[in-house]
There are 2 protein chains.
Amino acid sequence: MIGLNTDLYELTMAAGYFESGKAKQSATFELFFRRLPKYRNYVLSAGLAQVVDYLLGLRFEEAEIAYLQTLPQFQGVSPAFFEYLRGFRFTGDLFAAPEGTPMFAGEPFLTVRAPLIEAQIPETYLLAMIGFQSLIATKASRICEVAGKRSVVEFGTRRAHSPEAGVLGGRAAYVGGCIGSSNAETGFRYGIPVYGTAAHSWIQSFPTEREAFERLQTMLGPATVYLIDTYDTIAGAKLAASLGKPLWGVRLDSGNLVELARSVRKILDEAGLQDAKIMATSDLNEYKILEFAAVDTPIDAFGVGTDLATSYDSPSLGVVYKMVELDGRYTAKFSEDKHTMPGSKQVFRFSDHDIVACSWECIGCGPDGQEAPRALLQPVILNGELVERPMRTATEARAYAAECLKRLPTASRSLFETDKHYPVTYSDELQELLARAQDENRLLRC
Amino acid sequence: MIGLNTDLYELTMAAGYFESGKAKQSATFELFFRRLPKYRNYVLSAGLAQVVDYLLGLRFEEAEIAYLQTLPQFQGVSPAFFEYLRGFRFTGDLFAAPEGTPMFAGEPFLTVRAPLIEAQIPETYLLAMIGFQSLIATKASRICEVAGKRSVVEFGTRRAHSPEAGVLGGRAAYVGGCIGSSNAETGFRYGIPVYGTAAHSWIQSFPTEREAFERLQTMLGPATVYLIDTYDTIAGAKLAASLGKPLWGVRLDSGNLVELARSVRKILDEAGLQDAKIMATSDLNEYKILEFAAVDTPIDAFGVGTDLATSYDSPSLGVVYKMVELDGRYTAKFSEDKHTMPGSKQVFRFSDHDIVACSWECIGCGPDGQEAPRALLQPVILNGELVERPMRTATEARAYAAECLKRLPTASRSLFETDKHYPVTYSDELQELLARAQDENRLLRC
């Protein structure tokens, strides 16, 4: 039942297109953002695998169609449209940048080319899926950049915007560089490593902290992580140290983490547990981890929850999905501050800049010796069929993201907003197309 | 397949409880927040209906169990535990404040009393569901408070944190006071009014704006909303005015909304369309709507997207789920800045203050003539069975929320953070319980 998981107006328009004899017009839509989100110098693309699943599985069940027929907006719609919905399949094309690609303003993450209705209905779902996962992958990449060699685990499902956002957020955080997630469903669905041992309720459930620790160690052996702050962190650390091996280490979840990590490190070392690690959790983010690094805090791993799962400092990515071509006509929108560029596009990525061009252009295909750019948008679905099976896994996307991020200029990788924007220009041909579309639209407004 | 939709450590602990012979201990957990989110003076509870569905449907399928058996954390776990998961059912009790109740720091939204494992596993899902829906219901209530008699529609699925968050966010926004959502699935699942007519792509898909408008009107009649800013808002308004009735009105989606609304109102009025309404969209929130109201802008309805769907200015609610009793023992956590209050509680709401007390206390049951408070937590599930069928609908929750919000003091309803906090105190008996638990915990730490 996913057909209705969209804005009603996509379906109202679908009915209108159908009734106006436009169902078979060939449309091209592009998904992009106009401006970088605040505090971000790039956005890491994620969510493509789920978009593919959605497009290939998009159907309208009888109960969904019956519901639409009850709505006031559909009272003037002919039975033929509902019959059309019964047989609905996505038969078009999807071109997309691979998951894990750093994207900049105006660059399409994906292009849908399909019969008008088939291209229109997916708008809402695609925006929500790509927008959300890209937001979280981006946040994760910032945290992992600062953490350096220390591991980061995504721990945020409980603060995610719904349980399902938690599952998908765990996936996106992994693409962005986390070593895994606390969410079991994320592991189950996407083959991503999952982590987690015990909460305060475990400690509280035993008459003594000692018994709680001992029981955990019996079960987990070398995977044991003692959560040591339920009653008193230093006492908890001494108790953990006294129990000896095997253990992975301890977790701190409250108080002054810098001071506590130093004291706990000392306690563990003095007990001969130099290999035992310290994990920190408790409202962490990239800014706090930067502070820890600055004062050389002995923390080996971070569990990041709320700030990562909600991209707290920048909780929305303004992705839009705009029609750029219809039946060979170039279309654009000229609303104040919100205009769009007409025509299907390609993004050519050079080592230190991008050129956005018309999709039929071949930029950088000049004489030998010139640097060959990467064309970001590649076919994923053609005529309703997946081009390459199986899809790239989250693990492959994660490796690709790491490789791409390494190549970004230092300014773009900075934690703080930079004035030195990654250079993205439009090709001459694309600019001419815009001028032409503007002229034409002056004529056809009314 | 919802059993795995939780943090792995809930399941690791479940295995540990099982192996330690604690499976049948009776536990009580409470869900609450320690501090109000920034810029909020109350939080409106929402999401209870989905929590009930989850608890009553919680199962572990064979594939989920097989997955757990592959994880390193479960290698030391006996087959009996997996057999237990196969037959897992929630057999406990759920007490909760009705959806639409304004909540304050330290007050339980819900209490789960069940065998320890059954109470532990739901933690993550309950936090994500109640936390998210309450966040959005709260944001919606702020926007609707400022909009006053003008309608607010939730338009934000595309910017929600995943498509499913869009569906649930539409529900929560409705509970908070919106008249409906743009999300068709929200309407289908929860019986909530849905709205939506056409986007810019509709306008662009026709050779002229006139044809696009005429086609829409043919289909929608009196429900027609002309989106007039695709090319030029004033020209679009004149065109809409020239087409005459029937129509609902026009929508503005860019530019200076105050100036444009005034010009467009004049154009409509001069064409004799005094009844035609003006709807505004475009990155709105309660602060912008307050500005519109201050200068008496002729806008009749608002569509609010990103800011509502993400609670942009305050995107997370720090809900926690803490064990307060286990087999008759009162439990608490004494971590720095993160301590909890032991014992199962009740919230007694008087007309202008709340008293949080032990669940067995009867506050305000004194001599006649005293004000009788409302006890917020009421039984919803007892011994795994729903107490009252059917559950209160979203429409009923919305009416209840409106009634509760009206009764809040002016300071609490302010858009801006107030120092005049809603008075919440702890009963003497609860404070004594805390002191006792602290004493006991001093003895049992190691």
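Computed from a predicted structure; not experimentally measured.

**Focus: the state of the cysteines**
Two cysteines joined by a covalent bond between their sulfur atoms form a disulfide.
And step 1. Enumeration over the complete set of coordinates arrives at 0 disulfides over all chains.
And step 2. Between Cys404 of chain B, a cysteine without a disulfide, and Cys144 of chain B, which holds the nearest cysteine sulfur, the sulfur-to-sulfur distance is 15 Å.

**Looking at the interface of chain A and chain B**
And step 1. Residue-level contacts link 110 residues of chain A with 110 residues of chain B.
And step 2. Per-residue buried area on chain A facing chain B is highest for Arg158, His161 and Tyr231 of chain A; these three make up 9% of the total on that side.
And step 3. Remark: the boundary between chain A and chain B carries 6 salt bridges.
And step 4. Two residues, Arg158 of chain B and Glu10 of chain A, come together in a salt bridge whose shortest N-O distance is 3.5 Å.
And step 5. In this structure, the connection of chain A to chain B is made through 39 residue pairs in polar contact (both at pLDDT 80 or more).
And step 6. If one sorts the elements of the side of chain A that touches chain B by residue count, helix α1 (residues 8-19) of chain A sits on top with 10 residues.
And step 7. Residue composition of the side of chain A that touches chain B, by class: 51 nonpolar, 35 polar and 24 charged.

**Quick notes on the packing of helix α10 (residues 209-220) of chain A against helix α11 (residues 233-243) of chain A**
All names here are of chain A.
And step 1. Close contact between α10 and α11 brings their axes to 10 Å; oriented N to C, the two are set at 45°. By the angle between their directions, the pair α10 and α11 is classed as oblique. The two elements α10 and α11 meet at a crossing, and its hand is right-handed. Contacts between α10 and α11 involve Glu209, Arg210, Phe213, Glu214 and Gln217 from the first element and Gly236, Leu239, Ala240 and Leu243 from the second.
And step 2. For the contact of α10 with α11, the class distribution of residues is 4 nonpolar, 2 polar and 3 charged.

**Notes on the domain arrangement of chain A**
Residue and element names in this part refer to chain A.
And step 1. The domain architecture assigned to chain A consists of domain 1 (8-134 + 320-444) and domain 2 (146-310).
And step 2. In this complex, domain 1 contributes 19 residues to the contact, which on the side of domain 2 involves 19 residues.
And step 3. In total, domain 1 and domain 2 occlude about 1,400 Å² of area from one another, counting both sides; carbon and sulfur atoms represent 63% of this.
And step 4. Of all residues in domain 1, Phe132, Arg398 and Leu415 give up the largest surface area on contact with domain 2, accounting jointly for 41% of the area buried on that side.
And step 5. Between Arg171 and Glu99 there is a salt bridge, and its shortest N-O distance comes to 2.8 Å.
And step 6. Connecting domain 1 to domain 2 are 7 residue pairs in polar contact (both at pLDDT 80 or more).
And step 7. Within the residue set of the side of domain 1 that touches domain 2, elements represented by two or more residues are α2 (48-57), α6 (123-147) and α15 (394-407).
And step 8. Of the residues in the side of domain 1 that touches domain 2, the class split is 11 nonpolar, 5 polar and 3 charged.

**Some points on the relation of the copies chain A and chain B**
And step 1. Of the transformation placing chain A onto chain B, the axial shift is 0.0 Å and the rotation is 180°, giving an RMSD of 0.0 Å. Both copies of the chain, as the preceding transformation shows, are related through a two-fold rotation axis. For chain A, the smallest separation between a C-alpha atom and the rotation axis is recorded for His161 of chain A, amounting to 3.0 Å.
And step 2. When the interface residues of chain A are mapped onto chain B, 100% of them again lie at the interface, so the same face is used by both copies.

**Observations concerning the sheet that holds strand β9 (residues 249-252) of chain B**
Residue and element names in this part refer to chain B.
And step 1. Strand order in this open sheet of 6 strands is β7-β6-β11-β10-β9-β8, and the pairing throughout is parallel. Each edge of the open sheet carries a strand with a single partner, namely β7 (180-181) and β8 (225-227).
And step 2. Bridge count between β9 and strand β10 (residues 277-280): 4 bridges; the pairing is parallel. Bridging from a neighbouring strand, Arg251 pairs with Met279 of β10.

**Thoughts on the environment of Ala137 of chain A**
Residues and elements named next belong to chain A.
And step 1. Within the secondary structure layout, Ala137 lies in helix α6.
And step 2. Separated by 280 residues in the primary sequence, Ala137 and Glu417 have C-alpha atoms spaced 18 Å apart.
And step 3. Setting aside its immediate chain neighbours within four residues, Ala137 contacts Leu44, Ala46, Ala172 and Gly176.

**As for the pattern of salt bridges**
And step 1. The final tally for this structure, using the stated rule, is 48 salt bridges over all chains.
And step 2. Here Glu214 of chain A ties to Arg210 of chain A by a salt bridge, and the two come within 4.0 Å at their closest N and O atoms. Here Glu214 of chain A pairs with Arg210 of chain A, and both are found in helix α10, just 4 residues apart, close to one helical turn.
And step 3. By relative accessible area, which is 34% here, Arg210 of chain A ends up partly exposed.
And step 4. In this structure, Glu62 of chain B engages Arg86 of chain B in a salt bridge whose closest nitrogen and oxygen atoms are separated by 2.8 Å. One end of the pair, Glu62 of chain B, is in helix α3 (residues 62-70); the other, Arg86 of chain B, is in helix α4 (residues 79-86), and 24 residues separate them in sequence.
And step 5. What you see here is one network of salt bridges that share partners, running through Arg40, Lys139, Arg142, Glu286 and Asp313 of chain A.

Parameters at a glance
- The residue numbers shown here count from 1 along each chain, following its written sequence.
- Naming scheme: in the order in which they are written, chains are lettered from A and ligands are numbered from 1.
- In keeping with the predicted nature of the model, local features appear solely for residues at pLDDT of at least 70, side-chain atom pairs appear and are counted solely at 80 or more, and the whole-chain, interface and lining totals rest on all residues.
- Hydrogens and waters are ignored; side-chain quantities use all the structure's heavy atoms.
- When the sulfur atoms of two cysteines come within 2.5 Å, that pair is taken as a disulfide.
- We call two residues contacting when some pair of their heavy atoms lies within 4.5 Å.
- Put simply, buried area is how much 1.4 Å-probe accessible surface two parts lose in total, over both of them, once they are put together.
- One side-chain nitrogen of Lys or Arg within 4 Å of one carboxyl oxygen of Asp or Glu is enough to make a salt bridge.
- By the criterion applied in these results, polar contacts are pairs of N or O atoms within 3.5 Å in which, for protein atoms, one can donate a hydrogen and the other can accept it, and in which residues neighboring in sequence qualify only through two side-chain atoms.
- Put simply, DSSP marks the helices as runs of H or I at least four residues long and the strands as runs of E at least two long, and each gets a number from the N terminus on.
- Lys, Arg, Asp and Glu make up the charged group, whereas Ala, Val, Leu, Ile, Met, Phe, Trp, Tyr, Cys and Pro make up the nonpolar group; the residues left over, Gly among them, are polar.
- Note on geometry: axes are C-alpha line fits, over the in-contact stretch for helices, and angles between N-to-C directions span 0 to 180 degrees.
- For classification purposes, angles smaller than 35 degrees are called roughly parallel, those larger than 145 roughly antiparallel, those between 65 and 115 roughly perpendicular, and all remaining angles oblique.
- Handedness of a helix crossing follows the sense of rotation of the near helix relative to the far helix, less than a right angle counterclockwise being left-handed and clockwise being right-handed.
- Domain limits in this description derive from either an automatic procedure or a database domain assignment.
- Alignment of the copies relies on least squares applied to C-alpha atoms, considering only residues that score at least 70 for pLDDT in both.
- Here the rule is simple: two strands pair whenever DSSP picks up at least two bridges between them.
- Working definition: with a 1.4 Å probe on protein chains only, accessible area under 20% of the residue-type maximum means buried, over 50% means exposed, and in between means partly exposed.

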